[in-house]
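Residues per chain, in single letters:
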Amino acid sequence: MMQALGCRMNLAAVLNGLLVSVVAALLWKYVKLSEHAALLEEELLLTRQSQELSQVRIDYHAALQALQQHGTRMVCTGKMHTDRVCRFDYLCYSTEAEEFVFFHSNASVMLPNLGPRRFQPALLDLSSVEDHNTQYFNFLELPAAALKFMPKPVFVPDVALILNRFNPDNLMHVFHDDLLPIFYTMGQYSDLDEEARLVFMEGWSEGPHFQLYRLLSSKQPLLKEQLRNFGKLLCFTKSYVGLSKMTTWYQYGFVQPQGPKANILVSGNEIRQFSSFLAEKLNVTVGEQTEKTDEYIVVFSRSLNRLILNEAELILALAQEFQMKVVTVSLEEQSFADIVRVLSRASMLVSMHGAQLVTSLFLPRGAAVVELYPYAVNPEHYAPYRTLTSLPGIDLQYVAWRNTKEENSVTFPERAWDQGGIAHLEKEEQDRIMKSKEVPRHLCCRNPEWLFRIYQDTKVDIASLLDALHQGLVSRPGPKRARPASTVHPGRVREPKCQTSVQATNEAKLTVSWQIPWNLKYLKVREVKYEVWIQEQGENTYMPYILPHQNYTFSENIKPFTTYLVWVRCIFNKTLLGPFADVLMCRT
């Protein structure tokens, strides 16, 4: 009996063991199938994501092999981080660490090899705002062998321009710091065409003006927060990092009070090329008015703050004074394309100081920009738009008007601090600000006195405004026919020669002659003169002469038996200088 029971128990144990083995086998097979399915799903996901990023096909395994074998490659232009733009092959970005990664292999390239200097303070500026510590770009470094232990990379096949938008909520910053620099940075590199992908790494959301960024490329721009959707390691097959600063004209007061940049490189010609490009992308036809009756004035209307309290009275006064109709535009109520369409034919733009005035770059030549400043705000201290209108070739008139009557101003001390409120300040400081007659010069960006005054509403004193217009306008405002002013520089003068003669022991003559620059015979130039420098060999000083003719005999201060160095160049219209011809060595 006991033996039979033992046999039954052994049999049960065997069956139980068999059952566990079968279940284990099934579980193992299920796990393997699940892993296989996961791998297939991952491959499909990588393929789908790559297709979402671009219609360009990429051989994933070839790209991975290239990254593993050759690592990342970098070639930069510019001597300093403030003027540097770098091109990368296979620059990667870890969405987990939120860091860019440079993978080293025996075939990696890093030019220039800055060593520790690339951390002093950075490799480059990611935005067009110079040397701002929130805009620096650096990367981590890893050996390419580390890829074996990292998440499977997703490759972006598009040529990418990686940058930071500076402040996408503010229209002035959108144009001055982002759109213009992006446009001209893309123009510097042939593969940054309309098929390139813009990648914004500053961390902002799209913002209210995102549709303007979309005009620069046929591809949807990528935001930093979106990169997580594509994987843990994103690798850009070819990318450019950084922005050119050549088109910026203003600095915002991070180191010294705001004002025009010390070295402005852009002219109005480049600004107008950009505005024409953008207008075309917005399907706005920019043309000349055919009749005087078409002329009109535009008043920018604001609905949230910085209001013109007597806007209707202002409109009527402008219409009567200039015998033109007056129309209003509003960023809150109209599409940007409609505003550009109106401005592109306007004779005058009138607006309170604010970001909307950057749209003056769409005004036709000859138009006037009239900027209104609230009480206690000095126009000399806040001049981004006056600087814009002063660029050579932009051909715009500018008038500033300032409210000097405190009773014509409405303040809002109880508002939030970033809307001009000062209730959060000590009572003594509030009283000081309220009694102040002018905001002192200050650094960016949270000066409470500046915010309090700039967010005032204003009743415009019509008589003083009209007086400022009559004094400030150099001609009747209105669109003018595009007349490309001669910005063509002269070439070298040709066949420069010198002849000398000795008249006496202390008297000599030096005759210098030359032929006109080769390009002069093809140009219509109002005024042509020549500059001649004469320097006695061994001396540090020289004698300069401005001459109207192509030959001249010098006798004053010319000594016998002396060697003189002579330089000659041409000048168009007083300011357009040509290069000096090769130096002449003339022995008397």
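Residues numbered from 1 in each chain as written. Predicted model: local features only at pLDDT ≥ 70, side-chain atom pairs only at ≥ 80, totals over all residues. Heavy atoms only, no water.

Draft legend 1. Structural view of the overall build of the protein chain. When helices and strands are tallied, the protein chain shows eleven helices and 28 strands. When the 588 residues of the protein chain are sorted by exposure, 48% land in the buried category. Here the analysis covers contacts within the protein chain between residues at least 6 apart in sequence; of these, 72% occur between residues at least 24 apart. Of the accessible surface of the protein chain, which amounts to about 30200 Å², a share of 54% is contributed by carbon and sulfur atoms. (Helix = DSSP H or I, 4+ residues; strand = E, 2+ residues; numbered from the N terminus. Buried < 20%, exposed > 50% of the residue type's maximum accessible area, 1.4 Å probe, protein only. Contact = heavy atoms within 4.5 Å. Areas by Shrake-Rupley, 256 points an atom, 1.4 Å probe, with all protein chains shown as cover.)

Draft legend 2. Inspection of the packing of helix 3 (residues 171–188) against helix 5 (residues 268–281) at higher detail. At a closest axis distance of 11 Å, the pairing of helix 3 and helix 5 adopts a crossing angle of 90°. By the angle class used here, helix 3 and helix 5 are roughly perpendicular. Of helix 5, the residues touching helix 3 (which contributes F175, L179, L180, F183 and Y184) are E270, I271, Q273, F274, F277 and L278. Residue classes in the contact of helix 3 with helix 5 are distributed as nine nonpolar, one polar and one charged. (Axes fitted to C-alpha atoms, helices over the stretch in contact; angles between N-to-C directions. Parallel < 35°, antiparallel > 145°, perpendicular 65-115°, else oblique. Nonpolar A, V, L, I, M, F, W, Y, C, P; charged D, E, K, R; others polar.)

Draft legend 3. Molecular detail of the confidence of the model for the protein chain. Model confidence for the protein chain is summarised by a mean pLDDT of 90, while 88% of its residues fall at 70 or above. Below a pLDDT of 50 lies the segment residues 1–9, which in the model reaches zero contacts outside its immediate sequence neighbourhood of four places, other chains included. Of the regions scoring below 50 in pLDDT, residues 36–51 engages in twelve contacts with residues more than four places distant in sequence or in other chains. (pLDDT = per-residue confidence, 0-100.)

Draft legend 4. Just the state of the cysteines, in detail. Applying the stated criterion to the full structure yields four disulfides. Paired through a disulfide, C92 and C235 show a sulfur-sulfur distance of 2.1 Å. Between C92 and C235 the disulfide shows an S-S torsion of about 105°. By sign, it is right-handed. With C92 in strand 2 (residues 85–94) and C235 in strand 11 (residues 233–241), this residue pair connects regions lying 143 residues apart in the sequence. A single burial state applies to C92 and to C235, both of which are buried. Across the disulfide, C444 is cross-linked to C445 (sulfur-sulfur distance 1.6 Å). Because the sign of the S-S torsion sets the handedness, a value of about 100° for the bond joining C444 and C445 places this disulfide among the right-handed ones. Judged by its relative accessible area of 45%, C445 falls in the partly exposed class. Sequence-ordered numbering of the disulfide-bonded cysteines in the protein chain gives the connectivity 1-2, 3-4, 5-6, 7-8. (Disulfide = S-S within 2.5 Å.)

Draft legend 5. Region of interest: the pairing of strand 22 (residues 507–515). Taking every second residue as pointing to the same face, the buried face of strand 22 carries A508, L510, V512 and W514, while none of E507, K509, T511, S513 and Q515 on the other face is buried. In this antiparallel pair of consecutive strands, strand 21 (residues 494–504) and strand 22, the connection spans two residues. As paired elements, strand 22 and strand 25 (residues 551–554) share four bridges and run antiparallel to each other. From the neighbouring strand, S513 faces strand 25, where its bridge partner is N551. (Pairing = 2+ DSSP bridges.)

Draft legend 6. Local environment of the sheet that holds strand 22. Ordered by their spatial adjacency, three strands build an open sheet running 21-22-25, and the pairing between neighbours is antiparallel. Taken across any chain shown, the strands that pair with only one partner, and hence form the sheet edges, are strand 21 and strand 25. Direction aside, the axes of adjacent strands within the sheet are offset by 15° on average. In this sheet, strand 22 lies alongside strand 21 in antiparallel orientation, the contact comprising eight bridges. Bridge assignment links V502 to a residue of strand 22, and that residue is A508.

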